[in-house]
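# Structure at a glance
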Amino acid sequence: MSKANTYHPSLVRGLWALTVRELKKWLKDPVMLLMLVIQPLIWMGLLGKSMNLGAMFSASNLGNIPIPEKIPIPGNYIIPPANGVVYISGTLVSQMIQQMFSDIGANVMGSVFGVTDYFSYMSIGMISMIVMTTTMFSGMSIVWDRRLGFLDKVLSTPVPRGAIIFSKVLNATLRAMLQATIILALATIFGLQVSSTFTLLNILGVYAAVFLLSVGLSSVFLAFSIRSTRLERPMQIISLITMPLMFASNTFFPISLMPDWLQAVAYVNPLSYLTDALRQLTILSLDFPKLMTDFMYLSGFAIVLSSIGIVLSWRYLSK
Amino acid sequence: MAEEVIVAEGLTRVFNKSLVAVDHVNFSVKDGEVFGFLGPNGAGKTTTINMLITILRPTEGTASILGYDIVKQTNEVRKVIGVVPQEYTADEDLTGYENIILCADLYGIPRETAKKRALELLELVELIDFKDKKVETYSGGMRRRLELACGLVNRPKVLFLDEPTLGLDVQTRTATWNYIKQLKNEYNMTIFMTTHYLEEADALCDRIAVIDHGRIIVTGGPEELKQSLGGDIITISIGENADISDLIQSIENVKEVRNENGSYRIKVESGEVTAPLIIEALRKKGYTVTRLSLTKPTLNEVYLEYTGRSMRDAEESKEAFRAQRITLRRARAR
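Residues numbered from 1 in each chain as written. Chains lettered and ligands numbered in written order. Predicted model: local features only at pLDDT ≥ 70, side-chain atom pairs only at ≥ 80, totals over all residues. Heavy atoms only, no water.

### Examining the interface of chain A and chain B
Contact residues are listed per partner, giving 32 residues for chain A and 47 residues for chain B. Joining chain A to chain B, the criterion identifies seven salt bridges. Lys153 of chain A serves as the salt-bridge partner of Glu147 of chain B, at 3.9 Å between the closest nitrogen and oxygen. Taken together, the connections running from chain A to chain B amount to ten residue pairs in polar contact (both at pLDDT 80 or more). Secondary-structure elements contributing two or more residues to the side of chain A that touches chain B are helix 1 (11–27), helix 5 (137–147) and helix 6 (150–155) of chain A. Here the side of chain A that touches chain B is composed, by residue class, of 13 nonpolar, seven polar and twelve charged. (Contact = heavy atoms within 4.5 Å. Salt bridge = Lys/Arg side-chain N within 4 Å of Asp/Glu carboxyl O. Polar contact = N/O pair within 3.5 Å; in protein donor to acceptor, adjacent residues only side chain to side chain. Helix = DSSP H or I, 4+ residues; strand = E, 2+ residues; numbered from the N terminus. Nonpolar A, V, L, I, M, F, W, Y, C, P; charged D, E, K, R; others polar.)

Next comes the structure, spelled out in structure tokens:
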């Protein structure tokens, strides 16, 4: 017989080939690309601009409170005290109240959301949401591959098993990063107010944070659906996990205003840490120790869950 | 050189602890041979092939390919084999060329070699004019050829074909057989294939193993198997309900009679001569032959002889399988 084949299937080569395959499929689809832009636009419009929490405190909302032309003030309240009753102009009082009200508004927004406009708060939160919805497709895609026989074909080649798993993770991660970019760009166009500590270097931090959570989450979704031959299963898991995960976090609303039990959930929810890290890097003034905590948590999450996901996948990839 | 390329020893796979899909199967395939597993749907053909190509672990027993153990040396096995699966696994959103390059990448074939080889293979399966077209525009026969090309990209010593012409029309099927023969000559491979088409086994295989309920029932060359039946087969029915086996048995040249639900399967030396004798003998006893057929031995008879049933049932369930696959493809195309 003849000599053995001298090719060396490598992890990197296989990983890249499989990842490119899926990215190509994805990017060649014009509808998909359109959705990439339209989806965040809808969310930004619906949540960010229409739920304009800051505007609730605007002076125009005071218009119906009647303030008389002349306001009588007993003389002993005047400094220095005077006799009788003194009148001051209602317009002046009205102006002062309006000013105070809007100060209160800004204060409340500042202390609750950390920024004065909800749009900025929300659009950064939306990056977290997109990361989650994108990564969950890693699970769906391996079920598709299994059903179509593609997975079996790949398994019969000497490509390292790790490449098969990592390609799904990497693919989801790259998609999430691209979508984060699109959201950031759109948000900037529509008036994202970055903080004074923001530099272009912070963008790298944003990518790093998105990368870490994507790796962790896509490993989880992958592990859940690795054995499944039906699409229903990953879809059920997705709908079970995603909504609670999104709302039990600071994605759209600050943790500090949640009831205690929900706060407890939000504090272990990795989505909270991603959202916080992203906001620190963009719209809030940077709190370095807090940012470090966020990154430590996200790294831990990524390492632990991708290890679990990969061990499980290895074990269950072949039957 | 008649070295044994594939050797299976007691190969067994049990699903869910009770369903025995493949039951202690032993066989060997010689170098350069086309070896076929013939059997109906659910006989254990695909399960066997999946164990041999290392994507399914045997519950018991093992096999070796070119001396590499399919359980312990999976990576070595994967390097020397090529696989053409039952399904169309090529990515519909990529072009034919891109699909072959993807396969080459999985084997770690250097990019330059891969490019050359992809063109060469596309030329061979006559898809070169469609190389930059998306696979979703390909017909069934073209997809099948692309699968063949992908399976050959690593120049395998052993090629596994799982139902290579499933779902193709008769004309395309014959064309595909020609491609397979041509590729075999070109690359001098050993081929292991499964099929439930008797003509396919007849046309392509040097040796056939008839498999049913996870067991190999008989092994041999197509001619050898047909010869083993020892003659022609006459099937007759009479209008009434009476046992005439003994009567037929007593006729000259009749070797064997089997009563199958009121029709009689009679094995005879020479059908043309014996058929009139049977009709004559029966008329003398007052029976009327209402139906008579004479068959020269084909693999269908071989199959019937050894398993006791026809393969037509399997054909029907394959239709259902095909319908399901079409649905799946539509779903994928969105």
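### A word on the packing of aromatic side chains
The geometry of an aromatic ring pair comes down to the distance between the two centres and the angle between the two planes. One pass over the full model with this rule turns up 14 aromatic pairs over all chains. Ring geometry for Phe113 of chain A versus Tyr121 of chain A: centroids 4.7 Å apart, planes at 70°, classification edge-to-face. Here Phe113 of chain A and Tyr121 of chain A have matching classes, each one buried. Taking the centre distance of 5.5 Å and the plane angle of 10° together, the rings of Phe27 of chain B and Phe35 of chain B count as stacked. Residue Phe27 of chain B shares its accessibility class with Phe35 of chain B, and that shared class is buried. Through a chain of ring-to-ring contacts, the aromatic side chains of Phe27, Phe35, Phe37, Phe160 and Phe192 of chain B assemble into a single cluster. Its guanidinium or amino end placed over the ring of Tyr121 of chain A, Arg279 of chain A lies 3.5 Å from that ring's centre, counting from NZ or CZ. (Phe/Tyr/Trp six-rings, centres within 6.5 Å; stacked < 30°, edge-to-face > 60°. Buried < 20%, exposed > 50% of the residue type's maximum accessible area, 1.4 Å probe, protein only. Lys NZ or Arg CZ within 6 Å of the ring centre and 35° of its normal.)

### Quick look at the sheet that holds strand 2 (residues 19–30) of chain B
Residues and elements named next belong to chain B. Strand order in the open sheet made by the four strands is 2-1-4-5, with antiparallel pairing throughout. Both outer strands of the open sheet, strand 2 and strand 5 (68–69), are each paired with one neighbouring strand and no more. Note: strand 1 (residues 4–15) against strand 4 (residues 60–65), five bridges, orientation antiparallel. Paired with Thr12 across the two strands is Glu60, which belongs to strand 4. Each of strand 1, strand 2 and strand 4 touches helix 1 (residues 45–52); the most contacted strand, strand 1, lies at about 120° to it. (Pairing = 2+ DSSP bridges. Axes fitted to C-alpha atoms, helices over the stretch in contact; angles between N-to-C directions.)

### With respect to the pairing of strand 12 (residues 254–260) of chain B
All names here are of chain B. Note: strand 12 against strand 13 (residues 263–268), six bridges, orientation antiparallel. Its bridge partner lying in strand 13, Arg258 is registered against Arg265. Taking the residues between adjacent antiparallel strands as the criterion, strand 12 and strand 13 are bridged by two residues, where Asn261 takes a positive phi near 50°.

### Let's talk about the domain arrangement of chain B
Each assigned domain of chain B is listed here: domain 1 (4–226) and domain 2 (230–296). Put simply, the middle of domain 1 of chain B and the middle of domain 2 of chain B, counted by C-alpha atoms, are 42 Å apart. (Domains from an automatic or database assignment.)

### Some points on the packing of helix 11 (residues 270–281) of chain A against helix 12 (residues 288–317) of chain A
All names here are of chain A. At their nearest, the axes of helix 11 and helix 12 sit 9 Å apart, and the two run at 140° to each other. Classified by the interaxial angle, the pair formed by helix 11 and helix 12 is oblique. Regarding helix 11 and helix 12, the two cross each other, and that crossing is left-handed. Contact residues: Pro270, Tyr273, Leu274, Asp276, Ala277, Gln280 and Leu281 in helix 11; Lys290, Leu291, Asp294, Phe295, Tyr297, Leu298 and Phe301 in helix 12. Looking at side-chain class alone, the contact of helix 11 with helix 12 contains ten nonpolar, one polar and three charged residues. (Parallel < 35°, antiparallel > 145°, perpendicular 65-115°, else oblique. Left-handed = near helix turned anticlockwise from the far one by under 90°.)

### Section: the packing of helix 1 of chain A against helix 3 (residues 96–107) of chain B
At a closest axis distance of 8 Å, the pairing of helix 1 of chain A and helix 3 of chain B adopts a crossing angle of 155°. Relative to helix 3 of chain B, the element helix 1 of chain A lies roughly antiparallel. Here the hand of the crossing between helix 1 of chain A and helix 3 of chain B comes out left-handed. Residues Arg13, Ala17, Leu18, Arg21 and Lys24 of chain A of helix 1 of chain A pack against Glu98, Leu102, Asp105 and Leu106 of chain B of helix 3 of chain B. Partitioned by chemical class, the residues of the contact of helix 1 of chain A with helix 3 of chain B number four nonpolar, no polar and five charged.

### Describing unusual backbone geometry
Peptide bonds are mostly trans, and most non-glycine residues show a negative phi. Of note, the amide linkage connecting Ile79 of chain A to Pro80 of chain A takes the cis form, showing an omega dihedral of -10°. Relative to the helices and strands, Pro80 of chain A is located in the loop between strand 1 (70–74) and strand 2 (85–89). Positive phi, normally seen in glycine, also occurs at Asn16 of chain B, with a value near 50°. Located in the positive-phi region is Thr54 of chain B, a residue other than glycine, with phi close to 70°. Mapping Thr54 of chain B onto the fold places it in the loop between helix 1 and strand 4. Taking the relative accessible area as the measure of exposure, Thr54 of chain B reaches 6% and is therefore buried.

### Quick word on the confidence of the model for chain B
All names here are of chain B. Averaged over every residue, the pLDDT of chain B is 85; the share at 70 or more is 92%. This model gives residues 330–334 a pLDDT under 50, and the stretch forms nine contacts once residues within four places in sequence are excluded. Quick note on the complex model: pTM equals 0.78, ipTM equals 0.77. (pLDDT = per-residue confidence, 0-100.)

### Points about the domain arrangement of chain A
Here the domain parsing of chain A yields domain 1 (3–51 + 115–316) and domain 2 (59–104). The C-alpha-based centres of domain 1 of chain A and domain 2 of chain A are spaced at 54 Å.

### What to know about a nonpolar patch on the surface
Residue and element names in this part refer to chain A. A surface patch of nonpolar side chains, about 380 Å² in accessible area, is lined by Leu34, Ile38, Ile42 and Leu46. Turning to its location among the elements, Leu34 is positioned in helix 2 (residues 30–50). With a relative accessible area of 54%, Leu34 lands in the exposed category. (Patch = residues over 30% accessible without salt bridge, like charges linked within 9 Å, V, L, I, M, F, W, Y side chains within 5 Å. Areas by Shrake-Rupley, 256 points an atom, 1.4 Å probe, with all protein chains shown as cover.)

### Some points on helix 5 (residues 140–151) of chain B
Residue and element names in this part refer to chain B. In this model, helix 5 (twelve residues) spans 17 Å end to end at C-alpha, consistent with the 16 Å of a helix rising 1.5 Å per residue. Of all twelve residues in helix 5, eleven are buried, a share of seventy percent or more. Of the residues making up helix 5, those classed as buried are Gly141, Met142, Arg143, Arg144, Arg145, Leu146, Glu147, Leu148, Ala149, Cys150 and Gly151. (Expected span 1.5 Å × (residues − 1).)

### A closer look at the side chain of Thr195 of chain B
Residue and element names in this part refer to chain B. Along the chain, Thr195 falls in strand 8 (residues 190–195). Taking relative accessible area as the criterion, Thr195 reaches 1% and is therefore assigned buried. A polar contact of 2.8 Å, which involves the side chain of Thr195, links it to the side chain of Glu200. What Thr195 contacts, discounting residues up to four positions off in sequence, is Phe37, Leu38, Gly39, Lys45, Glu163, Glu200 and Ala201.

### Side note on the sheet that holds strand 8 of chain B
Strand-to-strand pairing in sheets goes through backbone hydrogen bonds, with the strands running parallel or antiparallel. All names here are of chain B. Read across the open sheet, the six strands follow the order 6-7-8-3-9-10; overall the sheet is mixed. Of all the strands in the sheet, just strand 6 (81–84) and strand 10 (215–220) have a single pairing partner and so form its edges. Looking at each pair of strands side by side, their axes are set apart by 15° on average, direction ignored. By the bridge criterion, four bridges tie strand 6 to strand 7 (residues 158–162) in an arrangement that is parallel. Residue pairing across strands places Val84 opposite Leu161, the latter belonging to strand 7. Set on the sheet, helix 5 makes contact with strand 6 and strand 7; between it and strand 6 the angle comes to about 165°.

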